[in-house]
Amino acid sequence: MGLINRFSLSRDMGIDLGTANTLVYVSGKGIVLQEPSVVAIDQDQKTSIAVGEEAKRMLGRTPSNVIAMRPLRDGVIADFETAELMLKHFIRRVHEGKALVSPRIVIGIPSGVTGVERRAVIEAAAQAGARDVRLIDEPVAAAIGAGLPVAEPTGNMIVDIGGGTTEVAVLSLQGTVLSESVRVAGDELNDAVTQYMKKVHNLVIGERTAEDIKIKLGSAYPSEDDNEATMEVRGLHLLSGLPRIVAVKAAEIRESLTEPLSIIVEAVKRTLERTPPELAADIIDRGIMLAGGGALLKGIDTLISHETGIVTHIAAEPLCCVVLGTGRVLENFKQLERFFSGPVR
């Protein structure tokens with residue numbers, strides 16, 4: 001009981017600061033927050049009026065003086081002040097308004113970000129109240145969160161498909177042997193649906209509608225189940241300028257996703273081609289692990305398996321792998337300190 005109290009007082013946190021969603025893990029408690037990375041700003045007053053799920057509901061539905069925005073793009077901070085504001089809000093919510101000791105924070109970031117982008121994340125977390133900020137590459141955190149034996153001398157391959165980036169990495173002996181980061185992930189899949197609807201059906205749809213179509217009809221590989229699936233989509237007709245309803249088939253949406261998915265598959269193939277033979281043999285035996293929200297796209301494991309010839313698994317909790325990994329590193333700080341990357345504050 002005393003140990004739990006000590007952990008809850010420190011409120012040290014692991015954060016998956018994602019393009020689409022932010023998740024927070026608190027020592028001794030587990031995942032305590034999972035919210036969209038969206039902030040609604042009143043431009044007249046220069047203040048936030050909503051953060052997280054409430055702000056996401058406002059996307060595309062705000063008056064002229066209010067803007068609902070995502071402060072991260074392609075896995076990195078695009079709007080520093082808004083990202084800092086969002087972090088402060090989430091940290092305050094986790095603290096439940098109590099004035100406690102400034103927390104130590106471990107943040108998962110894409111492996112391909114620049115030094116400037118890394119420092120921006122550290123600075124935003126420090127300004128939000130952290131006393132000590134450490135960064136960990138997202139594929140490493142995802143592998144730890146997915147339960148892969150990254151400390152053993154065996155090859156492990158993780159593919160983390162998030163909102164803004166896809167991270168592919170080969171890990172062994174508490175280290176990253178190879179990694180590749182491509183800025184094609186969930187957002188680009190949504191964009192592909194949007195462009196398809198505009199080009200083929202002359203229908204303009206919003207970001208939320210595109211994501212809804214992807215979730216309900218989207219697939220990466222043909223299957224008998226989705227041949228008959230259809231969905232009514234509401235949007236603005238380009239030619240008439242009036243609202244219209246269009247029926248869309250699952251096969252159409254799968255076709256629209258082909259190009260961004262091929263970029264992800266090619267990144268996996270390139271990483272496999274560069275993998276040392278001994279580790280490649282381990283990956284053939286163990287398979288490829290998928291994590292991140294993109295792992296939930298129907299048939300994506302089958303597509304990667306078909307294209308690489310290697311069995312592909314989906315993590316038990318793909319959305320939570322990165323934040324669970326940051327939490328495990330946080331609670332085994334000394335033993336897993338080698339996993340931290342980039343500059344330290």
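Relevant structure appears above.
For the structure given in this document, a descriptive report is provided here. As the structure is a prediction and not an experimental result, all values here were calculated from the model.

Right, let's talk about the environment of Leu 59 for a bit. The residue Leu 59 is located in the loop between helix H2 (53-56) and strand E6 (66-69) in this model. For the pair Leu 59 and Arg 70, spaced 11 residues apart in the sequence, the C-alpha separation amounts to 9.6 Å. Contact partners of Leu 59, with chain neighbours within four places excluded, come to Val 38, Ala 68, Glu 207 and Arg 208.

On the surface, Val 204, Leu 236, Leu 238 and Leu 239 cluster together to form a nonpolar patch covering roughly 370 Å² of accessible area. Classification of Leu 236 by relative accessible area gives partly exposed; the value is 43%.

The next thing to look at is the pattern of salt bridges. It is possible for side chains of opposite charge to pair when their charged atoms get near one another. Throughout the structure, instances matching the rule amount to 17 salt bridges. Its salt-bridge partner being Glu 84, residue Lys 88 comes within 3.3 Å of it at the nearest N-O pair. With Lys 88 and Glu 84 both in helix H3 (residues 80-95) and 4 residues apart, the pair spans about one turn of that helix. The partner of Asp 132 in a salt bridge is Arg 104, with the nearest N and O atoms 3.0 Å apart. Remark: Arg 104 occurs in strand E9 (residues 104-109) and Asp 132 occurs in strand E10 (residues 132-137); sequence separation between them is 28 residues. Take Asp 132: its relative accessible area is 9%, and that puts it in the buried class.

Side chains of strand E4 (residues 39-42) alternate between two faces, with Val 39 and Ile 41 and Ala 40 and Asp 42 buried alike. Note that E4 and strand E5 (residues 47-51) share 4 bridges and pair antiparallel. Bridge pairing in E5 links Ala 40 to Ala 50. Between the antiparallel neighbours E4 and E5 lie 4 residues, among them Lys 46 with a positive phi of about 60°.

Strand order in this open sheet of 5 strands is E13-E12-E11-E17-E18, and the pairing throughout is mixed. Edge positions in the sheet fall to strand E13 (175-182) and strand E18 (312-314), since each has one partner strand and no second. Within the sheet, the average angular offset between the axes of one strand and its neighbour, ignoring direction, is 20°. By the bridge criterion, 6 bridges tie strand E11 (residues 156-161) to strand E12 (residues 166-172) in an arrangement that is antiparallel. When the bridges of E12 are listed, Val 159 appears paired with Val 168. Relative to the sheet, helix H9 (residues 258-274) contacts E11, E12, E13 and strand E17 (288-291), its axis offset from that of E13 by approximately 150°. With respect to the sheet, helix H11 (residues 300-308) is in contact with E11, E17 and E18, its orientation differing from that of E17 by roughly 150°.

The next thing to look at is the packing of H9 against H11. The geometry of a pair of packed helices is captured by two quantities: the angle between their axes and the separation between those axes. Viewed as axis vectors pointing N to C, H9 and H11 meet at an angle of 45°, and their least axial separation amounts to 10 Å. Compared by their axis directions, H9 and H11 come out oblique. Seen from above, H9 lies across H11 with right-handed handedness. Residue-level contacts link Leu 261, Val 265, Val 268, Lys 269 and Leu 272 of H9 to Ile 300, Leu 303, Ile 304, Glu 307 and Thr 308 of H11. Tallied by class, residues from the contact of H9 with H11 come to 7 nonpolar, 1 polar and 2 charged.

Axis separation between helix H6 (residues 186-201) and helix H7 (residues 207-217) bottoms out at 8 Å; the angle between their running directions is 100°. Between H6 and H7, the angle falls in the class roughly perpendicular. Contact with H6, carried on its side by Gly 186, Leu 189, Asn 190, Val 193 and Thr 194, involves Ala 210, Glu 211, Ile 213 and Lys 214 of H7 and no other residues of that element. Of the residues contributing to the contact of H6 with H7, the split by class is 4 nonpolar, 3 polar and 2 charged.

At Asn 202, a residue that is not glycine, the phi angle is positive and equals roughly 55°. Mapped onto the fold, Asn 202 is located in the loop between H6 and strand E14 (203-204). By relative accessible area, Asn 202 is classed as partly exposed at 26%.

Glancing now at the pairing of E11. Counting buried positions over the 6 residues of E11 gives 6, a clear majority of the element. Residues Asn 156, Ile 158 and Asp 160 point to one face of E11 and Met 157, Val 159 and Ile 161 to the other, with burial holding for every one of them. Adjacent in sequence and paired antiparallel, E11 and E12 are bridged by 4 residues. Summarising the sheet, E11 and E17 pair through 4 bridges and their orientation is parallel. Of the residues in E17, the one forming a bridge with Val 159 is Leu 290.

Criteria and cut-off values
Residues numbered from 1 in each chain as written. Predicted model: local features only at pLDDT ≥ 70, side-chain atom pairs only at ≥ 80, totals over all residues. Heavy atoms only, no water. Helix = DSSP H or I, 4+ residues; strand = E, 2+ residues; numbered from the N terminus. Contact = heavy atoms within 4.5 Å. Patch = residues over 30% accessible without salt bridge, like charges linked within 9 Å, V, L, I, M, F, W, Y side chains within 5 Å. Areas by Shrake-Rupley, 256 points an atom, 1.4 Å probe, with all protein chains shown as cover. Salt bridge = Lys/Arg side-chain N within 4 Å of Asp/Glu carboxyl O. Buried < 20%, exposed > 50% of the residue type's maximum accessible area, 1.4 Å probe, protein only. Pairing = 2+ DSSP bridges. Axes fitted to C-alpha atoms, helices over the stretch in contact; angles between N-to-C directions. Parallel < 35°, antiparallel > 145°, perpendicular 65-115°, else oblique. Left-handed = near helix turned anticlockwise from the far one by under 90°. Nonpolar A, V, L, I, M, F, W, Y, C, P; charged D, E, K, R; others polar.

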